[in-house]
Every structure is written in C-alpha cells, then in structure tokens.
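# Tertiary structure, described
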Amino acid sequence: MVFFDQAISYICILNRIINKNNGGHGLLIGTGASGRRSYLKIACELSAVKLNFLNSAKEMKLKDWKEYIKSQLKVFTKVNQKRAILFKENDIFSHDVIEDIHHLVINGVIPNLMNEDFDSIKSDSSNTEILGIGLEKYIENFYKKCKDNLHIFINLSPLGEKLREYCRIYPSLITYSTLVYFTEWPQTALLEVAKHFL
C-alpha cells in the first residue's frame, strides 16, 4: 500500500472521529474509488476498533435489517468497547433504513428494537454484576454503552438527489456527524502510486 499526504490526512481525521467519547459519527462524501472504506479500515485498525459493514443489502428485507442491527447492538450487553458500522449508499434500500440510521446517530439505539429481548439477555448473562442489578438499571447501562461506543459512518455520493434528500429530512445526520469530503487524488499522489507499481 502506498501512503501519500492526502491519504494520511484522511486517516487522521477518521481516527479523531472514532476516538470521540460521544457523537463520533461520520458522513463520508465522495464518489466511488475515493478511498473512503480503505481509509476507515486503517483508522479503525489504528484505534483497535472493530469495523462492521453489510456484505450485501440487495436481497435484504426490513426484517433482516432489524435483525442485523439487533445483532450489532447485542454486543454491548457483554462488552464495553468501541465498534464502528459503515453503511454504503446502496445499503439504504428504504426510508425506514435511513430513519433507523438517524436514530442510531442520535441515540446509539433504535427505539423499541430490543424491548422484548432485555429480560432473556440479562438472565442468560454469566456476569454476576449484571445479574445483581435491576432490569431498569441494566437497560439504562446498555443505552449508555451504545451511545458512547457505537460509531456510525455513512458513505454518500455528492451526485444525485439522495444526499440532499436525506439531509433535508434528517438534519441530525449533519448535526451529529462530522462531514468529511473526499476529493480526487492530487497529481502527487498519482505519481507516488505510479512509481511504486510501475
């Protein structure tokens, strides 16, 4: 891999976002092949943060989407460590999905998503501290862990209407996220890559 000044700058920006204690979310604006996913993977590795993303949302239904998010959030019932989820533009297959992402960005959770699961998750825990606290306190701790440790990143293109539409309907995507605009590679970067591979 070739590191050039622009790439290092983006990795540093993403790393700072990931290490925010609260509200470390990113709206990554750029066209395809601008390096958004690669830079984020490196930034997460540097901060020892696990990065998750959907392999394919083409065949996914809303029920599958809810189960996926639920599986990601359930991790915080067991551990207290940072995790990041990257959503591509194609992953947002309905307005319900972007609304859920909007809730994740603001609160770290989707309202009423796990209400039916808390009893069973708590009782199945082998942690004596968790078993010793009341359900209400347990849920409160879970919500705090999600808000503090979950980092949402959304890849959106400046082309087309989706970026404008999502930000108009859900302005919190801008208010609660750091906007990072990925420009084209400069000529110096192209030359460095060419020298390395040719």
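Preceding block: the structure.
The text that follows walks through the structure, step by step, so that each part is easy to find. Everything numeric here is computed off the predicted structure, so don't read it as measured data.

### With respect to the packing of helix α3 (residues 62-74) against helix α4 (residues 95-107)
At a minimum axis separation of 11 Å, α3 and α4 run at an interaxial angle of 20°. Classed by the angle they form, the pair α3 and α4 counts as roughly parallel. As α3 runs across α4, the sense of the crossing is right-handed. Two secondary-structure elements touch here, α3 through Leu-62, Trp-65, Lys-66, Ile-69 and Leu-73 and α4 through Asp-96, Val-97, Asp-100, Ile-101 and Leu-104. Taken together, the residues of the contact of α3 with α4 break down into seven nonpolar, no polar and three charged.

### Observations concerning the packing of helix α1 (residues 5-18) against helix α2 (residues 36-46)
Between α1 and α2, the least distance of the axes is 8 Å, while the angle of their chain directions is 55°. In terms of their interaxial angle, α1 and α2 are classed as oblique. The hand of the α1/α2 crossing is right-handed. Of the residues in α2, those touching α1 at Ala-7, Tyr-10, Ile-11, Leu-14, Asn-15 and Ile-18 are Tyr-39, Leu-40, Ile-42, Ala-43, Cys-44 and Leu-46. Looking at the contact of α1 with α2 residue by residue, the class counts come to eleven nonpolar, one polar and no charged.

### Focus on the nonpolar core
Core analysis: the biggest nonpolar cluster contains 37 residues, and Ile-69, Leu-73, Phe-87, Ile-101 and Ile-152 have the highest contact counts within it. Secondary-structure elements contributing two or more residues to this core are β1 (26-29), α3, β3 (83-87), α4, α5 (118-124), α7 (135-149), β4 (150-156) and α8 (162-169). Among the elements that make up this core, the one with the highest residue count is α4 (five residues). Not counting residues up to four positions away in its chain, the partners in contact with Ile-69 are Phe-87, Leu-104, Ile-110 and Leu-113. Counting 23 residues, the second largest nonpolar core, distinct from the first, contains Val-2, Ala-43, Cys-44 and Val-193.

### Quick notes on the sheet that holds strand β2 (residues 50-53)
Read from one edge to the other, the open sheet built from five strands follows the order β2-β3-β4-β1-β5, with strand pairing classed as parallel. Only two strands of the sheet have a single partner each, and these edge strands are β2 and β5 (178-181). Across the sheet, the mean angle from the axis of one strand to that of its neighbour is 20°, orientation sign disregarded.

### Regarding the environment of His-95
You can see His-95 is positioned in helix α4. Judged by its relative accessible area of 42%, His-95 is partly exposed. Put simply, His-95 and Ala-189 are 94 residues apart on the chain and 38 Å apart in space, counted from C-alpha to C-alpha. Once residues lying within four places of it in the same chain are set aside, the contact partners of His-95 are Glu-165, Ile-169 and Tyr-170.

### Examining the side chain of Ser-172
Its place among the elements puts Ser-172 in helix α9 (residues 172-175). Since its relative accessible area comes to 7%, Ser-172 is described here as buried. Apart from residues lying up to four places away in sequence, Ser-172 is in contact with His-102, Val-105, Ile-106 and Ser-177.

### Focus on the pairing of β3
Most of β3 is tucked away: five of the five residues are buried. Of the two faces of β3, the one lined by Arg-83, Ile-85 and Phe-87 and the one lined by Ala-84 and Leu-86 are each fully buried. In this structure, β2 lies alongside β3, joined through four bridges in parallel fashion. Looking across to β3, one finds that Lys-50 is bridged to Arg-83.

Reading the values: the criteria
Residues numbered from 1 in each chain as written. Predicted model: local features only at pLDDT ≥ 70, side-chain atom pairs only at ≥ 80, totals over all residues. Heavy atoms only, no water. Axes fitted to C-alpha atoms, helices over the stretch in contact; angles between N-to-C directions. Helix = DSSP H or I, 4+ residues; strand = E, 2+ residues; numbered from the N terminus. Parallel < 35°, antiparallel > 145°, perpendicular 65-115°, else oblique. Left-handed = near helix turned anticlockwise from the far one by under 90°. Contact = heavy atoms within 4.5 Å. Nonpolar A, V, L, I, M, F, W, Y, C, P; charged D, E, K, R; others polar. Core = buried A, V, L, I, M, F, W, Y, C linked by side-chain atoms within 4.5 Å. Buried < 20%, exposed > 50% of the residue type's maximum accessible area, 1.4 Å probe, protein only. Pairing = 2+ DSSP bridges.

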